[in-house]
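Structural overview
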Amino acid sequence: QVQLVESGGGLVQAGGSLRLSCAASGRTFSSYAMGWFRQAAGKEREFVVAITGSGGTTYYAELVKGRFTISRDNAKNTVFLQMNSLKPEDTAVYYCAAGPPGQGAVVGSRDYEYDYWGQGTQVTVSS
């Protein structure tokens, strides 16, 4: 069982930046691919970005490519999402997710490819 806790959300003006963190429990963090998803009010949850267990491969949704950067620190069981040039349409609850243990080399963009989810952190971008 993996527990994920996101932090770092908040209110920011358009063009600003935020850095989200997701802390994971457990001793095999590097064996999990990690992803970030988001869900805006009244909309379906959508994929943002994912990273392999080693951190060597990343996969970005087109909407955030060039603005967002995912990274991870396996020694601290933490994955980060640096969000720059934020837009009002980035407003959403952001969730981190962990993939099946032992399959860290595979990154997916579908929510059913992830086994564990955090509670989410709200990001609001004002215009």
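Overview of the structure. Here the structure is a predicted model, which means the values were calculated and not measured. (Residues numbered from 1 in each chain as written. Predicted model: local features only at pLDDT ≥ 70, side-chain atom pairs only at ≥ 80, totals over all residues. Heavy atoms only, no water.)

With respect to the sheet that holds strand β1 (residues 4-7)
Strand order in the open sheet formed by four strands is β1-β3-β8-β7, and the pairing between neighbours is antiparallel. Of all the strands in the sheet, the pair left with one neighbour each is β1 and β7 (68-73). Geometrically, the sheet is characterised by an average inter-axis angle of 15 degrees between neighbouring strands, direction not taken into account. Inspection of the sheet shows β1 paired to strand β3 (residues 18-24) by four bridges, in the antiparallel sense. In the sheet register, S7 faces β3, and the bridge partner there is S21. (Pairing = 2+ DSSP bridges. Helix = DSSP H or I, 4+ residues; strand = E, 2+ residues; numbered from the N terminus. Axes fitted to C-alpha atoms, helices over the stretch in contact; angles between N-to-C directions.)

Regarding the pairing of strand β11 (residues 121-126)
Here β11 shows one buried face, formed by T121, V123 and V125, and one open face, formed by Q122, T124 and S126. Relative to β11, strand β2 (residues 10-13) runs parallel, the two sharing four bridges. Bridge assignment links G10 to a residue of β11, and that residue is V123. Bridge analysis of strand β9 (residues 92-98) against β11 gives three bridges, and the strand direction is antiparallel. Note that in β11 the partner of A92 across the bridge is V123. (Buried < 20%, exposed > 50% of the residue type's maximum accessible area, 1.4 Å probe, protein only.)

Some points on the state of the cysteines
By definition, a disulfide links the sulfur atoms of two cysteines through a covalent bond. The tally for this structure, following the rule as stated, stands at one disulfide. The disulfide partner of C22 is C96, and the S-S distance across this bridge is 1.9 Å. Taking the sign of the S-S torsion, about 45 degrees here, the bridge from C22 to C96 comes out right-handed. Of this pair, C22 sits in strand β3 while C96 is found in strand β9, placing the two residues 74 residues apart along the sequence. Given a relative accessible area of 0%, C96 falls into the buried group. (Disulfide = S-S within 2.5 Å.)

Notes on unusual backbone geometry
Non-glycine residue N77 carries a positive phi angle of around 50 degrees. Mapped onto the secondary structure, N77 falls in the loop between β7 and β8 (78-83). Given a relative accessible area of 15%, N77 falls into the buried group. The backbone of S85 shows a phi angle near 50 degrees, a positive value even though the residue is not glycine. When you line up the elements, S85 lands in the loop between β8 and β9. Looking at S85, the relative accessible area reads 40%, which means it is partly exposed.

Structural notes on the nonpolar core
A general tendency of soluble globular proteins is for nonpolar side chains to be buried together. Judged by nonpolar contacts, the single largest core of 35 residues is most densely connected at L4, M34, W36, L81, M83 and Y94. Within the residue set of this core, elements represented by two or more residues are β3, β4 (34-39), β5 (46-51), β7, β8, β9 and β11. Ignoring any residue separated from it by four or fewer positions in sequence, one finds M83 in contact with G16, S17, L18, L20, R67, F68, Y94 and V123. (Core = buried A, V, L, I, M, F, W, Y, C linked by side-chain atoms within 4.5 Å. Contact = heavy atoms within 4.5 Å.)

What about the side chain of T121?
Assignment of secondary structure puts T121 in strand β11. Owing to a relative accessible area of 11%, T121 belongs among the buried residues under this scheme. If near-sequence neighbours (up to four positions away) are discounted, T121 is found in contact with E6, S7, G8, G9, L20, A92, V93 and Y94.

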